[in-house]
Amino acid sequence: MLNSLRQQYAQLITSGGQLILLFAGFQLENREGWLWTLSGIALISVFAWYSALHRYRMISGTPTSRVASAAQGYVELVGSGRAHGDPILGKCSMLPCLWYRYKIETKNHKNEWQTESTGQSEAPFCLDDGSGICVIDPRGAEIVTRHKDIWQVADHRYTEWKLIQNDPLYALGEFRTLGGSNNPVTRNDLIKQVVSEWKMDNASLMQRFDLDGSGHLDIDEWMLARQAAKREADKRLAAARAEPDVHFLRQPQDHRLFLLGNLSPEKLARRYAIWTWLHLAILFGALGGIAWISNGYAF
């Protein structure tokens, strides 16, 4: 629910809600109606302006990192899209892709299009920047793509947005690395683990370290067992450290912007800068209209 609300809020940037309200104002054709309409336009413009400005600042203010050397936390990555395993198939087109969103509409008795179903994929895909590969979990992301297909079959209309293999890929989100270099296990943890495992098989423990056959381990024999446990722990620690790193990008836990797209950071920043100024102009236009009507210059 939270992700849905946040995505709906982001859609205010390009929703065209102000145009719908402006059309309603022309239909009402009275002073009170125009005041309510222009107030609604101003309110939408404030939220849309803030939303676009926030995105512009996050994109332009976050430096690009390399996968192999990125710090743990909030990062910006730029690379090429790669499948994580086999590519998935678009819901409507059935063509291979990395990610898709779809909308199916049907024509009603008034010859108007009504939404029948919508959805999007949640399967992970990868970003490759030449220094390493990062697995991206797209759940909760705001995704901007230039791939949009619309086609009609009988009384159904299909719209599908996609990210595809080898797309230039921009990603802004929470970066985490799992594997050898970031394995949190310590030598002491492994020593305790080894000793605990050996105690569970008491017969083997006695066979190995009960040198005098007394049926229990004295202090010297326990010291011998602990030395062996340390050597085993060192082997396990070396094996853990040798495991390859796996990098992940996901939705930030602190609800910061999680943005994916197949546009360059420069184009994305420019896109949101334009929307910032546009909504600011609409806001001041609406406020000017409210002042003009309130002062009796219309109706």
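Just so we're clear, the structure is a prediction, and the values are computed from it rather than from any experiment.

Remarks on the overall build of the protein
- Across its full length, the protein carries seven helices and 14 strands.
- The 299 residues of the protein split such that 39% are buried.
- Contacts in the protein between residues far apart in sequence, at least 24 positions, make up 70% of those at least 6 positions apart.
- For the protein, the exposed area adds up to about 17100 Å²; of that, 57% sits on carbon and sulfur atoms.

Overview of the sheet that holds strand β11 (residues 156–163)
- If you walk across this open sheet you meet the four strands as β6-β5-β11-β10, and the pairing is antiparallel. Each edge of the open sheet carries a strand with a single partner, namely β6 (113–120) and β10 (147–153). Here the strands of the sheet are splayed against their neighbours by 15° on average, with no regard to which way each runs.
- Of the strand pairs in this sheet, strand β5 (residues 99–107) and β11 are connected by eight bridges, and their pairing is antiparallel. Following the sheet pairing, Tyr102 is matched in β11 by Glu160.

Section: unusual backbone geometry
- Here the phi dihedral of Asn111 falls at roughly 65°; this positive angle occurs in a residue that is not glycine.
- Here the phi dihedral of His255 falls at roughly 65°; this positive angle occurs in a residue that is not glycine.
- Residue position: His255 is located in the loop between β13 (246–250) and β14 (259–261).
- Take His255: its relative accessible area is 47%, and that puts it in the partly exposed class.

Re helix α5 (residues 202–209)
- Residues of α5 that are buried: Leu205, Met206 and Phe209. Seen along its axis, α5 keeps its buried residues to an arc of 95°; they face one direction. Facing away from the buried side of α5 by over 90 degrees, the exposed positions are Ala203 and Gln207.

Concerning the pairing of β11
- Where β10 lies against β11, seven bridges are found, and the strand directions are antiparallel. Bridge assignment links Gln152 to a residue of β11, and that residue is Arg157.
- Linkage of β10 to β11, two consecutive antiparallel strands, is achieved through a turn of two residues, within which Ala154 is found at a positive phi near 55°.

Looking at the pattern of salt bridges
- Taken as a whole, this structure holds 12 salt bridges when the rule is applied.
- Two residues, Arg139 and Asp137, come together in a salt bridge whose shortest N-O distance is 2.7 Å.
- Using a relative accessible area of 47% as the deciding quantity, one classes Arg139 as partly exposed.
- In this structure, a network of salt bridges that share partners links the residues Lys103, Glu105 and Arg157.

Here's the deal with a nonpolar patch on the surface
- Side chains of Leu43, Val46 and Phe47 sit close together on the surface and give an oily, nonpolar patch of about 260 Å² of accessible area.
- Relative to the helices and strands, Val46 is located in helix α3 (residues 31–61).

A word on the confidence of the model for the protein
- Scored by pLDDT, the protein has a mean of 83; 84% of the residues are at 70 or more.
- Per-element confidence in the protein ranges from a low mean pLDDT of 43 for helix α1 (residues 2–10) to a high of 96 for strand β7 (residues 125–128).
- In this model, residues 1–9 is a region of pLDDT below 50 whose contacts with residues beyond four sequence positions or in other chains number 13 contacts.

Some remarks on helix α4 (residues 187–200)
- Here α4 is 14 residues long and its end C-alpha atoms lie 20 Å apart, about the 20 Å a rise of 1.5 Å per residue gives.
- Along α4, the residues classified as buried are Leu190, Ile191, Val194, Val195 and Trp198. An end-on view of α4 places all buried positions within 135° of arc, on one side of the element. Exposed positions of α4 whose direction lies more than 90 degrees from the buried face are Asn188, Lys192 and Met200.

A closer look at the nonpolar core
- Formed by 20 residues in total, the largest nonpolar core has its most connected members in Leu77, Phe125, Ile136, Phe175, Leu249 and Leu260.
- A per-element tally of this core places strand β12 (residues 168–178) first, with three residues.
- Among residues more than four places away in sequence, those in contact with Phe125 are Arg82, His84, Leu98, Trp99, Cys134, Val135, Ile136, Pro138, Leu163, Leu169 and Leu260.
- Counting 14 residues, the second-largest nonpolar core is a separate cluster that includes Val195, Leu205, Ala225 and Ala229.

Observations concerning the side chain of Asp167
- Tracing the sequence through the fold places Asp167 in the loop between β11 and β12.
- Under the relative-accessibility criterion, Asp167 is labelled buried at 4%.
- There is a polar contact of 3.0 Å between the side chain of Asp167 and the side chain of His147.
- Among all residues touching Asp167, those that are not within four sequence positions of it are Gly79, Ser80, Gly81, Arg146, His147 and Asn262.

Analysis parameters
Residues numbered from 1 in each chain as written. Predicted model: local features only at pLDDT ≥ 70, side-chain atom pairs only at ≥ 80, totals over all residues. Heavy atoms only, no water. Helix = DSSP H or I, 4+ residues; strand = E, 2+ residues; numbered from the N terminus. Buried < 20%, exposed > 50% of the residue type's maximum accessible area, 1.4 Å probe, protein only. Contact = heavy atoms within 4.5 Å. Areas by Shrake-Rupley, 256 points an atom, 1.4 Å probe, with all protein chains shown as cover. Pairing = 2+ DSSP bridges. Axes fitted to C-alpha atoms, helices over the stretch in contact; angles between N-to-C directions. Arc of directions from axis to C-beta. Salt bridge = Lys/Arg side-chain N within 4 Å of Asp/Glu carboxyl O. Patch = residues over 30% accessible without salt bridge, like charges linked within 9 Å, V, L, I, M, F, W, Y side chains within 5 Å. pLDDT = per-residue confidence, 0-100. Expected span 1.5 Å × (residues − 1). Core = buried A, V, L, I, M, F, W, Y, C linked by side-chain atoms within 4.5 Å. Polar contact = N/O pair within 3.5 Å; in protein donor to acceptor, adjacent residues only side chain to side chain.

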